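What follows is each chain in one-letter form.
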Amino acid sequence: ALPPERWGSRPQVAVVYGLGECAMDSGIKARRLEQIFLSLSNNKNVKAVVFRVDSPGGDGMASDIVAEAVKKCAEQKPVIVSQGQVAGSGGYWISMYGNQILAGPSTVTGSIGVIGGWLYDKGLSQKIGMTSDYVKRGEHADLGLGIVLPLIGYRVPSRNLTPDERAKMEEFIKKYYDVFVGKVAGGRKMSVDSVKAIAEGHYYSGIEGKKIGLVDAIGGLEAAIDMARSEAGIGPDQEIDLIEIWKYKGLFNFPWKMPSLPAGVQDNSVYQYLKIVCERPGEPLPMMLPGTYPEISR
């Protein structure tokens, strides 16, 4: 038999998965994703990266950490973003610096917006027989202090915001929104005004997203891999090694279920809303997708 015509190792294409809520140590696991992208950017054997995103959003800091790592990697080699079922809010944030963004026809994408919330103890602690104590020095020193909900483990502030605190919170949210819009404009090479015209929390299908510039092409994961090969200058007939980080297990198979809670509670919209607001009371957060908010009667 004749020896193979091509000597040496085959070029590698890495498929990286960002699945679940945008959080530091759960969901997409932003801390680990950052290190993965920084490592891939310096790996000469990896010629291109496909970033498979399936996320409804979440923590802005987690989203931005991953986005900046993707941006640095894209400066060294092609990074093709493949949006799955949902890539909205923080899910779009982590997508926006890809060299190309592909989405399915029915992918939920966009949702460029910011929310903020303040849940506080309005008689709840008395009903469940819990109290909280603190020593206060300064007008706002007690902001955010209160009981910790049993089982759930999240703190509920003991009081509402003052008018001055509410005004500061609104100002912070608006500034954060401007940051989000500006980053999308930079990542997608669009004007700030054109992004504002399609932002404000609006979400789109993949087809609509392509029309307005949020998506470059319609296609699935295989199409994204083919595009990554092409962008890296790898011929269609040339063999490659495909590396998966981490292997896909489906959007809703998260490993962070807490055994102390009944099955299904962590997927409940009320629980998700309480979790994200209680973890960051008063902080601006990327807009969550419709259907993830609880129905609250006034």
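Worth saying up front: this structure is predicted, and the values here are computed from it rather than measured.

**Concerning the overall build of the protein**
In step 1: Helix and strand counts for the protein stand at nine helices and 12 strands.
In step 2: In the protein, which comprises 298 residues, the share counted as buried stands at 49%.
In step 3: Considering only residue pairs separated by 6 or more positions, the protein has 71% of its internal contacts joining residues 24 or more positions apart.
In step 4: Put simply, the protein shows about 15,600 Å² of open surface, and 53% of that area lies on carbon and sulfur atoms.

**Topic: the pattern of salt bridges**
In step 1: Applying the stated criterion to the full structure yields 10 salt bridges.
In step 2: Aspartate 142 serves as the salt-bridge partner of arginine 159, at 2.9 Å between the closest nitrogen and oxygen. Residue arginine 159 is found in the loop between strand S8 (155–157) and helix H5 (163–188), and its partner aspartate 142 is found in the loop between helix H4 (124–128) and strand S7 (146–148); the two are separated by 17 residues along the sequence.
In step 3: In this structure, glutamate 171 engages lysine 175 in a salt bridge whose closest nitrogen and oxygen atoms are separated by 3.3 Å. Here the residue glutamate 171 and the residue lysine 175 both occupy positions in helix H5, the gap between them amounting to four residues, near one helical turn.

**Some remarks on the pairing of strand S1 (residues 12–19)**
Working note: regular strand, side chains alternate between the two faces of the sheet.
In step 1: S1 sits mainly inside the fold: eight of its eight residues count as buried.
In step 2: Residues Gln12, Ala14, Val16 and Gly18 line one face of S1 and the alternating positions Val13, Val15, Tyr17 and Leu19 line the opposite face, and both faces are buried.
In step 3: Looking at chain direction, S1 and strand S2 (residues 46–55) are connected through eight bridges and run parallel. Its bridge partner being in S2, alanine 14 is matched across the sheet by valine 49.
In step 4: Handedness of the S1-helix H1 (residues 30–41)-S2 crossover: right-handed.
In step 5: Summarising the sheet, S1 and strand S11 (residues 241–245) pair through five bridges and their orientation is parallel. The partner of valine 15 across the bridge, within S11, is glutamate 244.

**What to know about the nonpolar core**
In step 1: Ranked by size, the top nonpolar core spans 51 residues in total, and within it Val16, Phe37, Leu40, Val49, Phe51 and Ile112 carry the most contacts.
In step 2: A per-element tally of this core places H5 first, with eight residues.
In step 3: In terms of nonpolar packing, the next biggest core, distinct from the first, is built from 14 residues, Val15, Val50, Leu102 and Ile225 among them.

**Focus on the packing of H1 against helix H2 (residues 60–74)**
In step 1: Put simply, H1 and H2 touch, their axes get as near as 8 Å, and they point 5° apart. Considered as vectors, H1 and H2 are oriented roughly parallel to each other. Within the contact between the two elements, H1 uses Ala30, Leu33, Glu34, Phe37, Leu38, Leu40 and Ser41 and H2 uses Ala62, Ile65, Val66, Ala69, Val70, Lys72 and Cys73.

**Let's talk about the side chain of serine 82**
In step 1: Take serine 82: it is sitting in strand S3 (residues 79–88).
In step 2: On the accessibility criterion, serine 82 (0% relative accessible area) is buried.
In step 3: At a separation of 2.7 Å, a polar atom in the side chain of serine 82 contacts the side chain of arginine 52.
In step 4: Apart from residues lying up to four places away in sequence, serine 82 is in contact with Val50, Phe51, Arg52, Val53, Leu102, Gly220, Leu221 and Ala224.

About the thresholds
- Residues numbered from 1 in each chain as written.
- Predicted model: local features only at pLDDT ≥ 70, side-chain atom pairs only at ≥ 80, totals over all residues.
- Heavy atoms only, no water.
- Helix = DSSP H or I, 4+ residues; strand = E, 2+ residues; numbered from the N terminus.
- Buried < 20%, exposed > 50% of the residue type's maximum accessible area, 1.4 Å probe, protein only.
- Contact = heavy atoms within 4.5 Å.
- Areas by Shrake-Rupley, 256 points an atom, 1.4 Å probe, with all protein chains shown as cover.
- Salt bridge = Lys/Arg side-chain N within 4 Å of Asp/Glu carboxyl O.
- Pairing = 2+ DSSP bridges.
- Right-handed = clockwise from strand over helix to strand, strands pointing away.
- Core = buried A, V, L, I, M, F, W, Y, C linked by side-chain atoms within 4.5 Å.
- Axes fitted to C-alpha atoms, helices over the stretch in contact; angles between N-to-C directions.
- Parallel < 35°, antiparallel > 145°, perpendicular 65-115°, else oblique.
- Polar contact = N/O pair within 3.5 Å; in protein donor to acceptor, adjacent residues only side chain to side chain.

Coordinates in, geometry out; function isn't part of it.
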